[in-house]
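A structural walkthrough
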Amino acid sequence: QYINYGEFEGSDAAGNFTQNFNVNEYALYAAYSLAMNGIGLGVNAKWAGSAIDSYNANALLFDFGAYYRHPNADLSFGFVAKNIGFIFDGYLSENEVINLPFNLLIGGVYKPEYMPIRFNVNLHNLQQWPMANLQNRPTNSSLSQNEPGIVNQVFQHINIGTELIISKNIQIHL
């Protein structure tokens, strides 16, 4: 995967033109998976890089996942740990740390027999409690500066959805 953002005009802190520079990003993926008896396991390795002018950054990341599909019902559960890894060449000095966008997800899907609808529940960012980052809000924000309650914190991690199944190849996501 490669993205070239093109050429940009460079300038110094005073806004004076210096020289043009290019910006691009790239990623290389390798994956392996296996499935048997309704259980699947997989791993994904990613080398991701970015270049801005003469500055470069590179990271090595891994994703791990597993799922279970019930043998008799249209019921599945899955687990994914995304972006486990490290930066081995970054834009910043060696003393500065950049956190990679790690994400821990669990999900489930159920389709009742004889009904043309499928329900799903996904839990995301389970490693980050609470998700609200109150320290970065502007001081003049009209939003409450109070910590969110436990119910609010839980629902920040939940996605609930349904699919209306029109035919084998046509579904409407609600």
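The sections below set out a description of the structure shown in this document.

A word on the overall build of the protein chain. In terms of helices and strands, the protein chain carries 1 helix and 9 strands. Along its sequence from the N terminus, the protein chain presents helices and strands in the succession β-β-β-β-β-β-β-α-β-β. The 174 residues of the protein chain split such that 20% are buried. Considering only intrachain contacts with a sequence separation of at least 6, the fraction spanning at least 24 residues in the protein chain is 40%. Element-wise, carbon and sulfur atoms account for 59% of the exposed surface of the protein chain, whose accessible area totals about 12,700 Å².

Turning next to the sheet that holds strand β1 (residues 2-11). An order of β1-β2-β3-β4-β5-β6-β7-β8-β9 is seen for the 9 strands of this open sheet, with the pairing classed as antiparallel. Looking at which strands have only one partner, the edges of the open sheet turn out to be β1 and β9 (170-173). Each strand axis lies, on average, 20 degrees off the axis of its neighbour in the sheet, ignoring direction. With 14 bridges connecting them, strand β2 (residues 17-36) and strand β3 (residues 39-52) associate as antiparallel partners. When the sheet's bridge partners are listed, Leu28 is paired in β3 with Trp47.

Along the chain, Asp63 turns up in strand β4 (residues 55-69). Within the local environment of Asp63, its side chain forms a polar contact with the side chain of Lys46, the two groups lying 3.2 Å apart. A distance of 2.8 Å separates a polar atom in the side chain of Asp63 from the backbone nitrogen of Asn83. Setting aside chain neighbours within four positions, we find Asp63 in contact with Gly42, Val43, Asn44, Lys46, Ala81, Lys82 and Asn83.

Attention now goes to the side chain of His124. Considering the arrangement of structural elements, one finds His124 in the loop between β7 (117-123) and α1 (150-155). Among the polar contacts made by the side chain of His124, one reaches the side chain of Asn125 at a distance of 3.3 Å. Leave out the neighbours within four places in its chain, and His124 touches Asn103, Leu104, Leu105, Met131, Gln156, His157, Ile158 and Asn159.

Glancing now at the pattern of salt bridges. According to the stated counting rule, one finds 2 salt bridges in the structure shown. With a shortest N-O distance of 3.2 Å, Lys46 and Asp63 are connected by a salt bridge. Highlighted residues: Lys46 in strand β3 and Asp63 in strand β4, separated in sequence by 17 residues. Notably, a salt bridge pairs Glu163 with Arg118, separated by 3.5 Å at the nearest N-O pair. Of this pair, Glu163 sits in strand β8 (residues 158-167) while Arg118 sits in strand β7, and the two are 45 residues apart along the sequence. Here Glu163 and Arg118 have matching classes, each one buried.

A positive phi is found at Asp53, a non-glycine position, where the angle reads about 55 degrees. Position of Asp53 relative to the elements: it lies in the loop between β3 and β4. With a phi angle near 50 degrees, Asn125 is a residue other than glycine that sits in the positive phi range. Examined against the element boundaries, Asn125 turns out to sit in the loop between β7 and α1.

Rules behind the numbers
Residues numbered from 1 in each chain as written. Predicted model: local features only at pLDDT ≥ 70, side-chain atom pairs only at ≥ 80, totals over all residues. Heavy atoms only, no water. Helix = DSSP H or I, 4+ residues; strand = E, 2+ residues; numbered from the N terminus. Buried < 20%, exposed > 50% of the residue type's maximum accessible area, 1.4 Å probe, protein only. Contact = heavy atoms within 4.5 Å. Areas by Shrake-Rupley, 256 points an atom, 1.4 Å probe, with all protein chains shown as cover. Pairing = 2+ DSSP bridges. Axes fitted to C-alpha atoms, helices over the stretch in contact; angles between N-to-C directions. Polar contact = N/O pair within 3.5 Å; in protein donor to acceptor, adjacent residues only side chain to side chain. Salt bridge = Lys/Arg side-chain N within 4 Å of Asp/Glu carboxyl O.

Take it as geometry only, folks, not as evidence of what the structure does.
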